[in-house]
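Per-entry structural report
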Amino acid sequence: MKVGIVREGKIKSDTRVPLTPKQCRYLLDRDRDLQIFVQPSQERCFNDSEYQNQGIPLTENLAKCDLLLGVKEVPISLLLPNKTYLFFSHTIKKQPYNRELLRSILQQKIRLIDYECLRDSSGQRIIAFGRWAGIVGGHNAILTWGRREGEFLLKPMHECHDWAEAQTYYQNLPLSHIKLVVTGEGRVAKGATEVLDLMKIKRVLPQAFLEKNFNEPVYTQLAVKDMYRKRGEISFDETHYYQHPSQYESIFEPYTHTANIMLNGIYWDSRIPVFFTSEDMKRKDFTIRVIADVTCDIAPDSSIPSTIRASSIAEPIYGYDPVSEKETQPFQSHCIDVMAVDNLPNELPRDASEDFGNQLISKVWSELNQADSRMIYEATIALDGDLNKPYEYLRDYVS
Ligand SMILES: NC(=O)c1ccc[n+]([C@@H]2O[C@H](COP(=O)([O-])OP(=O)(O)OC[C@H]3O[C@@H](n4cnc5c(N)ncnc54)[C@H](O)[C@@H]3O)[C@@H](O)[C@H]2O)c1
């Protein structure tokens, strides 16, 4: 098999890679029939010479490759027809901004396998950058609070050499008695709580978070049962909830009167209740002043109405005025600060890429070589110029 690693084209400053130079070498040493080529790039967190030093040839033209690996969406103008591509396509929620991309993939008879759709037999995603998004999201939430309150300046993660350096700043942060609520229990939420634990922010149960005053910074983490209830019922059936989220309503409101900081780490789609509305955000007793929205769906199709755009690593924070519902300068007392960077793992690209490549090698690589792999079939959105069966529901989106 001939594999090509494409140069990232969507966000040039996205420096992540699907396989590090050493991981390429590892794979080559174990498979004589494998060849790997890398498109040169000035931007990658692993530079061209690091690939060359591992004996991986650089080439602009990847036309000879069977499988092309990227991270973010490959721009339409760079797609090669009739190839197999593996990248995050952000099409499965019918995202309007990627409709043309999927159309073009179909027209060019490209086989598209999406990392986001690779799942194990229990339906769990098996490869993701989520933990790193959570780690950087947790860091940025506290960084934003420190700047907003003028309490301290935390070095931005992307200015740290690596994750190990960032951790050295967590020991003695002069944090006031904040209350921070983390939503979700997946990779993002776990990464975020890793940071909060390292900062020695005390973890408390949701009920204590709502009812007690603390003389130290605290956080709580909410599972789905803490965030939703079936309309007209008290008991909560998680299996039923996941099957029919639209029959449920949010019970997040008490946290909007209690928390200072919210870190959103759930998966969300339009069937799922929103946490609060823009009207709720206008209320005087809405205490949340910093929202680190790692989930980062853009309003109005978002669980958080103040996420009106994605922000960038260079300028991660914007203000949101709840009265005008418009963007403002950050760090103003009457406004809420929003951190909505949509490529957070790229603040720690080497750590995140290495972790991602390890997951790709250990959980996916052998499946790619099996013609009848169920895992690959179910993650294949397009092939032979048509939608794959599990993605038939995208027909109206592309037609
Ligand atoms: N901003 C970024 O750079 C960035 C990077 C990676 C991931 N993300 C986003 O973060 C979100 C979470 O990613 P993850 O890797 O933690 O996913 P995950 O699958 O590991 O976890 C998702 C969590 O969301 C919650 N959840 C799932 N279904 C839900 C539902 N129907 N209703 C309410 N909550 C539900 C659960 O707590 C679950 O554990 C995704 O939307 C992902 O796209 C953002």
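Residues numbered from 1 in each chain as written. Predicted model: local features only at pLDDT ≥ 70, side-chain atom pairs only at ≥ 80, totals over all residues.

Overview of the sheet that holds strand 8 (residues 218-222)
Under the convention used in this document: When DSSP finds two or more bridges between a pair of strands, those strands are recorded as paired. Here a strand is any run of E in DSSP of at least two residues, a helix any run of H or I of at least four, and the numbering for each starts at the N terminus. By the criterion used throughout, residues are in contact when their C-beta atoms, derived from the backbone, lie within 7 Å. Here an axis means a line fitted to C-alpha atoms, over the contact stretch when the element is a helix, while the angle between two N-to-C directions is reported on a 0 to 180 degree scale.
If you walk across this open sheet you meet the eight strands as 7-8-6-11-12-15-13-14, and the pairing is mixed. Single-partner strands in this sheet number two, and they are strand 7 (202-203) and strand 14 (326-328). The pairing of strand 7 with strand 8 spans two bridges and is classified as parallel. What sits directly across from K202, in strand 8, is V218. Contacts from helix 4 (residues 130-149) reach strand 6 (179-183), strand 11 (261-264), strand 12 (290-293), strand 13 (317-321) and strand 15 (336-339) within the one sheet, and its direction differs from that of strand 12 by about 160 degrees. Relative to the sheet, helix 6 (residues 187-198) contacts strand 6, strand 8 and strand 11, its axis offset from that of strand 6 by approximately 155 degrees.

Description of the domain arrangement of the chain
Basically, it comes down to this: The start and end points of each domain follow an automatic or database-based domain assignment. Gly is put with the polar residues, along with every residue not named as nonpolar or charged; the nonpolar set is Ala, Val, Leu, Ile, Met, Phe, Trp, Tyr, Cys and Pro, and the charged set is Asp, Glu, Lys and Arg.
When the domains of the chain are assigned, the result is domain 1 (2-109 + 348-398) and domain 2 (130-347). Measuring from the centre of the C-alpha atoms in domain 1 to the corresponding centre in domain 2 gives 31 Å. Counting residues at the interface gives 11 residues for domain 1, matched by 11 residues for domain 2. Broken down by class, the residue content of the side of domain 1 that touches domain 2 amounts to four nonpolar, one polar and six charged.

Description of the confidence of the model for the chain
The condition is simple: Known as pLDDT, the predictor's confidence for each residue is given on a scale from 0 to 100.
Summary statistics for the chain give a mean pLDDT of 96 and a share of 100% for residues scoring 70 or more. Across the predicted assembly, pTM comes out at 0.88 and ipTM at 0.98.

Observations concerning the site of the ligand
Where we set the bar: Using a C-beta atom placed from the backbone, a residue is scored as near a molecule or strand whenever that atom is within 6 Å of it.
Residues in close proximity to the ligand total 25 residues, the closest being G130, A133, G186, V188 and L344. Its residues placed into classes, the shell around the ligand shows 15 nonpolar, six polar and four charged.

With respect to the UniProt feature "binding site: NAD(+)" (unreviewed entry) in the chain
So the rule is basically this: UniProt positions are given in the numbering used here, feature names are shortened, and annotations may be inferred rather than shown by experiment. Counting other C-beta atoms within 10 Å of its own, a residue is labelled buried from 20 upward, exposed at 12 or fewer, and partly exposed in the gap between, with every C-beta atom placed from the backbone.
In the numbering used here, UniProt assigns the feature "binding site: NAD(+)" (unreviewed entry) to T239, Y267 and V294. A maximum C-alpha distance of 24.7 Å among these annotated residues, which run over 56 residues, shows that they spread across the structure rather than meeting at one spot. Positionally, Y267 belongs in the loop between strand 11 and helix 11 (278-281). The residue V294 is located in the loop between strand 12 and strand 13 in this model. Given 28 C-beta atoms within 10 Å, V294 falls into the buried group.

Description of helix 3 (residues 99-107)
As a reminder, the rule being used: By arc we mean the arc of the directions from the helix axis to the C-beta atoms, nothing more.
The set of residues buried in helix 3 consists of L101, L102 and I105. Down the axis of helix 3, the smallest arc covering the buried residues is 95 degrees, so these residues share one side. Where helix 3 is buried, its residues contact strand 5 (111-114), strand 16 (380-383) and helix 14 (395-398). Where helix 3 terminates, the next one or two residues include K109, which has phi positive at roughly 55 degrees.

Looking at the environment of I317
As for its placement among the helices and strands, I317 is situated in strand 13. For I317, a count of 20 C-beta atoms within 10 Å gives the class buried. Separated by 27 residues in sequence, I317 and V290 have C-alpha atoms that sit 9.6 Å apart. Filtering out sequence-adjacent residues up to four positions away, I317 remains in contact with T144, S311, P330, D337, V338 and M339.

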